[in-house]
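# Residue-level structure breakdown
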Amino acid sequence: MDKEHENREKGDKDPVEPKPEKNEAEEELVPEETVTLKQDEFQQVKDHITKLEGERDEMKNLAQRVQADFDNFRRRNASVYADSLAEGERNVIKELLPVIDNFERALNNSENVDQNYVEGVRLVYKQLMDVLTKKGLEEIDAGGKFDPELHNAVMQGESDDAESGDILEVFQKGYKVKDRIIRHSMVKVAK
């Protein structure tokens, strides 16, 4: 038999269970003394509490407004950053357009040059165009009718087989990057 059972048979009282110890936080909540306040003192304390609660609410509202302003600032900066990055890419591509033009001129006038050399230049040109295409570069179509949004007419000419406003010749290719024109096509237009 265990000791508790033996103690009950002898008529002993149930063993006293130890009282749980109070932690320090509970002891701090219990006031050590009672304070008696007069009506006007009680009203002053109550007014002070109301004032502190108002200040707390005001600070909470201010913190929420600051947080909202910061969220708006962060979103606006993300948008400005994305726009700046896209503008930087367009500017770099725009500066590379004369290089593309020179590659095309070199490849178009390569009859009297070693064909291995020409093939190497063609591969470099293709690699450059692949990289720029991945960045969003597109050639503007210069066939068909003249469109002042896309083309820059630098000459007018006569043609028997073309209608007025048809593009007769392209002097310089136009390009756009992600639907933004970075250079208009220079064209000759039928009268």
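Here, the structure is the one placed above.
Scanning the model with the defined rule gives 13 salt bridges in all. Residue D71 is joined to R74 by a salt bridge in which the shortest nitrogen-to-oxygen separation is 2.6 Å. With D71 and R74 both in helix α3 (residues 39–108) and 3 residues apart, the pair spans about one turn of that helix. Sharing partners across several salt bridges, the network here consists of E87, R90 and R180.

As enumerated under the stated definition, the model contains 2 aromatic pairs in all. Where F103 meets Y125, the ring centres are 6.0 Å apart and the plane angle is 50°; that geometry is what we call tilted. Taken together, the residues F103 in helix α3 and Y125 in helix α4 (residues 115–134) connect sequence positions 22 residues apart. Owing to a relative accessible area of 18%, F103 belongs among the buried residues under this scheme. Its relative accessible area of 16% is what places Y125 among the buried residues.

Backbone hydrogen bonds hold the strands of a sheet together, and the pairing may be parallel or antiparallel. Strand order in the open sheet formed by 3 strands is β1-β4-β5, with antiparallel pairing between adjacent strands. Two strands in the sheet have a free side with no partner beyond their single neighbour: β1 (137–139) and β5 (180–183). Averaged over all neighbouring strand pairs, the angle between strand axes comes to 35°, with direction disregarded. Note that β1 and strand β4 (residues 175–177) share 3 bridges and pair antiparallel. The residue bridging E138 from the neighbouring strand is K176, located in β4.

Pairing is mixed in the open sheet, where 3 strands are placed in the order β2-β6-β3. This sheet does not close on itself; its edge strands, each paired only once, are β2 (151–157) and β3 (167–172). With strand direction ignored, the average angle separating the axes of adjacent strands in the sheet is 30°. Direction of pairing for β2 relative to strand β6 (residues 185–190): parallel, over a ladder of 6 bridges. When the sheet's bridge partners are listed, H151 is paired in β6 with S185.

What counts as what
- Residues numbered from 1 in each chain as written.
- Predicted model: local features only at pLDDT ≥ 70, side-chain atom pairs only at ≥ 80, totals over all residues.
- Heavy atoms only, no water.
- Salt bridge = Lys/Arg side-chain N within 4 Å of Asp/Glu carboxyl O.
- Helix = DSSP H or I, 4+ residues; strand = E, 2+ residues; numbered from the N terminus.
- Phe/Tyr/Trp six-rings, centres within 6.5 Å; stacked < 30°, edge-to-face > 60°.
- Buried < 20%, exposed > 50% of the residue type's maximum accessible area, 1.4 Å probe, protein only.
- Pairing = 2+ DSSP bridges.
- Axes fitted to C-alpha atoms, helices over the stretch in contact; angles between N-to-C directions.

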